[in-house]
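# A closer look at the structure
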There are 2 protein chains.
Amino acid sequence: MNFTIKNTLISVADSYVTTDVQVVDGKITAITPNLEIIDTEINGDNKLLLPGFFNAHTHSSEMWQRGVIPPLPLELWLAHLYDFTPLNTEQVYLSALGTAVETLLSGGTSVVDHLVLIPGQELETIATAVRAYQEVGIRAFIAPLIQDESLSMGIPNGESQANHEPYFRSLGETLAIMEAAVKQFHQPEAGINILVAPTGIQLCSDDLFIGCIALSNKYDLCRHTHLLETKAQEKLAEEKYGCTAVQHLQEIGFLNSCTTLAHCVWLKESDINILAQTQSTVVHNPLSNLRLGSGIAPILKYIQAGVNVTFGCDGASSNDSQDLLEAIKIGSILHNLTEPDYQYWITPRQAVKMASLGGAKGLNIEDELGSLAVGKKADLVLYDLNNLSLLPRTDPIGLLVLGRPVNVINSAWVNGKQIISNGKITTINIDELRQELFNRSHWETQPKSANVDKLAPRYRQVMGLN
Amino acid sequence: MNFTIKNTLISVADSYVTTDVQVVDGKITAITPNLEIIDTEINGDNKLLLPGFFNAHTHSSEMWQRGVIPPLPLELWLAHLYDFTPLNTEQVYLSALGTAVETLLSGGTSVVDHLVLIPGQELETIATAVRAYQEVGIRAFIAPLIQDESLSMGIPNGESQANHEPYFRSLGETLAIMEAAVKQFHQPEAGINILVAPTGIQLCSDDLFIGCIALSNKYDLCRHTHLLETKAQEKLAEEKYGCTAVQHLQEIGFLNSCTTLAHCVWLKESDINILAQTQSTVVHNPLSNLRLGSGIAPILKYIQAGVNVTFGCDGASSNDSQDLLEAIKIGSILHNLTEPDYQYWITPRQAVKMASLGGAKGLNIEDELGSLAVGKKADLVLYDLNNLSLLPRTDPIGLLVLGRPVNVINSAWVNGKQIISNGKITTINIDELRQELFNRSHWETQPKSANVDKLAPRYRQVMGLN
């Protein structure tokens, strides 16, 4: 679909101009006033056009447990999550749709889904997510979540010797599944990308990381992993490697310019230098870091060291939403706590750039996406500045990032295809989605988790909680 | 208006029940299943009924500057705010309407407006806010913001001797205005309350505090002030009193069980004991504390010490919104950073109680408001649990507090009068409000502030910023 957006506000340098934007064959072909309309006219009056944001780290199927897991730190929260993880592809399908919709309705046009796989139905799980994302039309980066160690290994041993069950699937099988997934589903031009995504040093052997590096090199895939989300993981890395997790990942060659690292809360100064050298990207997930008490990622230090940073919502049961504007807001203002000199605080314009170009850079596609520029792909979002939550009129980007915008997305396009029009998703039936989510769930109070009861004593002991 | 809500979910102990709720003459008269309908039936199917929340600290006219003030700490942010504060009652009217509407649409039925007064039109400003709140129908606690020292006195001197301009209005005039306001507008039974509200130790003399105490005693008024929002204020209190601000306020008799204290970020352990002894209430404004880099208020310590805590949005240009659910969410999960033992973390149910009963307690009306109980006034909010942002169904209160609910308020009542019906404000014309806010404003980039340029050098020097 070709179209011309007439008289939209866009951001230039430190101000705004009103202009026209033309899109032909999925790409931006002109940004200048008084353009002739090609095919379809989009009314840009009183609207702001921005590049689409990246929801650069989430786990879609967690949507089934949002709101229900009690206040717990990551290690025990994860134990609770495992107790009640959905086990059928129909749920995977619906939560992928829900994740895509909430991302789109909060300014995101791309999602990195660190996708939890149903044991024994791994390729079916991936196929299901692919189907959901294609139906909605969001640009998808599916990062199948793999590991080769069992859950209890994610908690440091401390003084004790713990016994761990072996992981149910062999390393070889896991890598074979990954290679099959790449062959079947990796189609960047169709908007579906597969990433290699070992869950993190806490539950993965070196062999798994190395197998992923080989696949990444062979098929030109981006890499994704959790990194040092909690203090417990920092301890664990020390036990496991005798050095920091970042040093170890650098040594085995996992870090490069197409690697995105979720969280990065517990890094040392020397680790930050390694991220800068290797041109790795940090994905900041401020809401889950608060919810799980993980800590404040030193984002201002990353920025000052030249490390690329972007934002993610993280899975919906550690957030417990998929509102990218909320993640961008909190992920910007949170750091004012850590730095007394306000000259370093993140500005709303800087936050928008991190959420758009920062995301594209992390996925090695900054030449194609992440900004409004002629020649780039048309992943665009048009915000309605006449919405009550963005009034009175002041600085549109300030209102969008620092405010609490509600129902402000007028239109969104991915690769030039319109997915939101007049505030409504056009590609799928939202009422049906709502009905399906309703029918397959029930209200409950926070359930007790046997896994949490089992792991809590060791966690409390290792972390010095009495 | 009398009505019966049929088959609504309500929270009891640690679970939920479906029941009916009857309201007659503005009060809850029955909560039990199978009630006969009196006058009007309200369909409670798939909905959750909660007591209305309190937006326990805001400054309504800041709405005119939301989104536009750059990242600055309180003292300089305030200087920027002063440069561009609205100066006519029409703006006061519209921003009070906007503040009331956003509060209502995020679950609040009461607002404490620490109202900035137009110099020379103080009583007109208050009258205007009263009119706006009565038109919308929200329960209003208007706390005219008074001071008797000029802005530059709010920054500690450090080593230097600064000269300060005298404040433009005398103490006597200010107190006379306050007394006139009480006589004209204080009508608790009509839903309009006047509070005495010196802005804070940073800009008020002891004589002003003492004058406010006298008015509070004479007319049985609640008290409200900012307290130790920033590290600079902690320093200033030490310079001014040679003791902490809390010790000083206790000594002069300002603290009692109807005193609400906004912020309370920089208190010592001994100060916390004073708050507990005096039964003062802390109003937690997490979003402005992040936005202005003020710090994390030690809310878990307050709770453990038995201090009553509730939530506020703070003014819309330090937040930059009036979404109470956002303040409750961030105000709950933020503290997980400060306490390693998750057993002390705030649960969603605890947060709801703080936002409702905690607010009522701070305003000395916990016998009348703040919970669903027979005999209490009917300030009620009915949430639509069939909304996409609250699906799939899990724990309704968990979803409401930890999620990012959008358009979830089905109905709201204040004193039994319906103000929201089917998600729409029924008392005022929202399209007209939107149009007025639009017409009286313009898009702009962040303007330069002469006040900030003037104060920044001293601020940077005193705070040790180079």
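Residues numbered from 1 in each chain as written. Chains lettered and ligands numbered in written order. Predicted model: local features only at pLDDT ≥ 70, side-chain atom pairs only at ≥ 80, totals over all residues. Heavy atoms only, no water.

By the naming in an unreviewed UniProt entry, chain A is Amidohydrolase, taken from Dolichospermum compactum NIES-806.

## What about the nonpolar core?
Going by this rule: We define a nonpolar core as any set of buried Ala, Val, Leu, Ile, Met, Phe, Trp, Tyr and Cys residues linked to one another through side-chain atoms lying within 4.5 Å. Only protein chains enter the accessibility calculation, which uses a 1.4 Å probe; a residue whose area is less than 20% of its type maximum is buried, one above 50% is exposed, and one in between is partly exposed. Residue contacts are defined here by distance: any two heavy atoms, one from each residue, within 4.5 Å place the two residues in contact.
In this structure, Tyr133, Leu275 and Tyr302 of chain A together with Tyr133, Leu275 and Tyr302 of chain B are the most contacted members of the largest nonpolar core, which totals 250 residues. For Tyr133 of chain B, the contacting residues outside a window of four places in its chain are Ser60, Ala96, Thr99, Ala100, Val111, Asp113, Ile138, Ala140, Ile142 and Ile192 of chain B.

## What about the pattern of salt bridges?
Residues and elements named next belong to chain B. This is how it is decided: We define a salt bridge as a side-chain nitrogen of Lys or Arg found within 4 Å of a carboxyl oxygen belonging to Asp or Glu. Where helices and strands are cited, they refer to DSSP runs of H or I of at least four residues and of E of at least two residues respectively, numbered from the N terminus.
Under the counting rule described, the total for this entry stands at 36 salt bridges over all chains. Between Arg139 and Asp379 there is a salt bridge, with the nearest N and O atoms lying 2.7 Å from each other. Linking Arg139 in strand β8 (residues 139-146) with Asp379 in the loop between α12 (348-362) and β15 (380-384), this pair joins segments that are 240 residues apart in sequence. Residue Arg139 is classed as buried on the basis of its relative accessible area of 5%.

## Focus: the confidence of the model for chain A
Rules: Confidence scores per residue from the predictor, reported as pLDDT, run from 0 to 100.
Scored by pLDDT, chain A has a mean of 96; 100% of the residues are at 70 or more. Across the assembled chains, the prediction reports ipTM 0.98 with pTM 0.98.

## A few points about the interface of chain B and chain A
Condition: The term buried area means the drop in 1.4 Å probe accessible area that two parts suffer when joined, counted for both and summed. Between N or O atoms, a polar contact is any pair within 3.5 Å; within protein, one atom must be a potential hydrogen donor and the other a potential acceptor, and residues adjacent in sequence are included only when both atoms are from side chains.
At the interface, 80 residues of chain B touch 80 residues of chain A. Both faces combined, the contact of chain B with chain A buries some 6,700 Å², and carbon together with sulfur accounts for 65% of it. Area buried by chain B at its contact with chain A is led by Tyr342, Arg393 and Trp443 of chain B, which between them contribute 13% of it. Between the two partners, chain B and chain A, sit six salt bridges. For Arg404 of chain B, the salt bridge goes to Glu326 of chain A, with nearest N and O atoms at 3.4 Å. At the junction of chain B with chain A, the criterion picks out 31 residue pairs in polar contact (both at pLDDT 80 or more). Of all the secondary structure elements, the ones that give two or more residues to the side of chain B that touches chain A are β2 (15-24), α2 (89-104), α9 (286-291), α11 (324-333), α12, α13 (396-402), α14 (430-439) and α15 (450-462) of chain B. Residue contributions to the side of chain B that touches chain A peak at five residues, all from α14 of chain B.

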